[in-house]
Amino acid sequence: MKDYDIIRRPLNTEKTTLQKELFNQVSFEVDRQANRMEIKDAVERIFNTKVQTVRTIQMKGKVKRRGKVLGKRRDWKKAIVRLMPGQRIDFFEGV
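Residues numbered from 1 in each chain as written. Predicted model: local features only at pLDDT ≥ 70, side-chain atom pairs only at ≥ 80, totals over all residues. Heavy atoms only, no water.

Colleague: Even after reading the chapter, I still don't get the pairing of strand β4 (residues 63–66), so can you show me in this structure?
Modeller: Each regular strand carries side chains that alternate between the two faces of the sheet. Taken together, the four bridges between β4 and strand β5 (residues 69–72) define a ladder with antiparallel strand orientation. Within β5, the residue paired with arginine 65 across the bridge is leucine 70. Connecting β4 to the next strand, β5, in antiparallel fashion are two residues, including glycine 67 with a positive phi near 70°. (Pairing = 2+ DSSP bridges. Helix = DSSP H or I, 4+ residues; strand = E, 2+ residues; numbered from the N terminus.)

Colleague: I'm lost on the packing of aromatic side chains in this one. Help?
Modeller: Centre distance and the angle of the planes are the two values used to describe a pair of aromatic rings. For the structure shown, the criterion picks out one aromatic pair. Measuring from centroid to centroid gives 5.7 Å for phenylalanine 28 and phenylalanine 47, while their planes differ by 25°, and the two rings are stacked. Of this pair, phenylalanine 28 sits in strand β2 (residues 25–30) while phenylalanine 47 sits in helix α3 (residues 36–47); the two residues are 19 residues apart in sequence, bridging distant segments of the chain. On the accessibility criterion, phenylalanine 47 (28% relative accessible area) is partly exposed. (Phe/Tyr/Trp six-rings, centres within 6.5 Å; stacked < 30°, edge-to-face > 60°. Buried < 20%, exposed > 50% of the residue type's maximum accessible area, 1.4 Å probe, protein only.)

Colleague: Help me understand the pattern of salt bridges, please; the structure alone is not making it clear to me.
Modeller: Taken as a whole, this structure holds six salt bridges when the rule is applied. The salt bridge involving arginine 8 is made with aspartate 31; its shortest N-O contact spans 2.7 Å. Taken together, the residues arginine 8 in strand β1 (residues 7–10) and aspartate 31 in the loop between β2 and α3 connect sequence positions 23 residues apart. We note a salt bridge from arginine 88 to aspartate 90, for which the minimum N-O separation is 2.8 Å. Residues joined in a network through salt bridges with shared partners are Arg9, Glu29 and Arg74. (Salt bridge = Lys/Arg side-chain N within 4 Å of Asp/Glu carboxyl O.)

Colleague: Would you take a moment to explain the sheet that holds strand β6 (residues 76–83) for this structure?
Modeller: If you trace the four strands from one edge of the open sheet to the other, you get β1-β2-β6-β3, paired in antiparallel fashion. Looking at which strands have only one partner, the edges of the open sheet turn out to be β1 and β3 (51–59). Direction aside, neighbouring strands of the sheet carry axes that sit 30° apart on average. Where β2 meets β6, six bridges bridge the pair, whose relative direction is antiparallel. Paired with glutamate 29 across the strands is lysine 78, a residue of β6. Strands in contact with helix α2 (residues 14–23) are β2 and β6; relative to β2, the strand with the most contacts, it is inclined by about 140°. Packing of α3 onto the sheet brings it into contact with β1, β2, β3 and β6, and relative to β3 it is tilted by some 120°. (Axes fitted to C-alpha atoms, helices over the stretch in contact; angles between N-to-C directions. Contact = heavy atoms within 4.5 Å.)

So this is what it looks like as structure tokens:
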């Protein structure tokens, strides 16, 4: 699996912004079959940083309704990556 197949997208919410500022943690949506070591290696190569720890969570898709039709969003995997002190990843930083 290639690095860009493992890391799907960064997650940008109020909670992840707080984690980034307080604990130097960044959250990603990752491939469901990827393990912690693959995620660590992919983040280090893509963003040229050092990773301290990786925690993963299997997120269940929400059940949604549209009138009588009942559907479900897809399940996905979240990775919370703690960077080494002094390391940063800036996604949405302005000039």
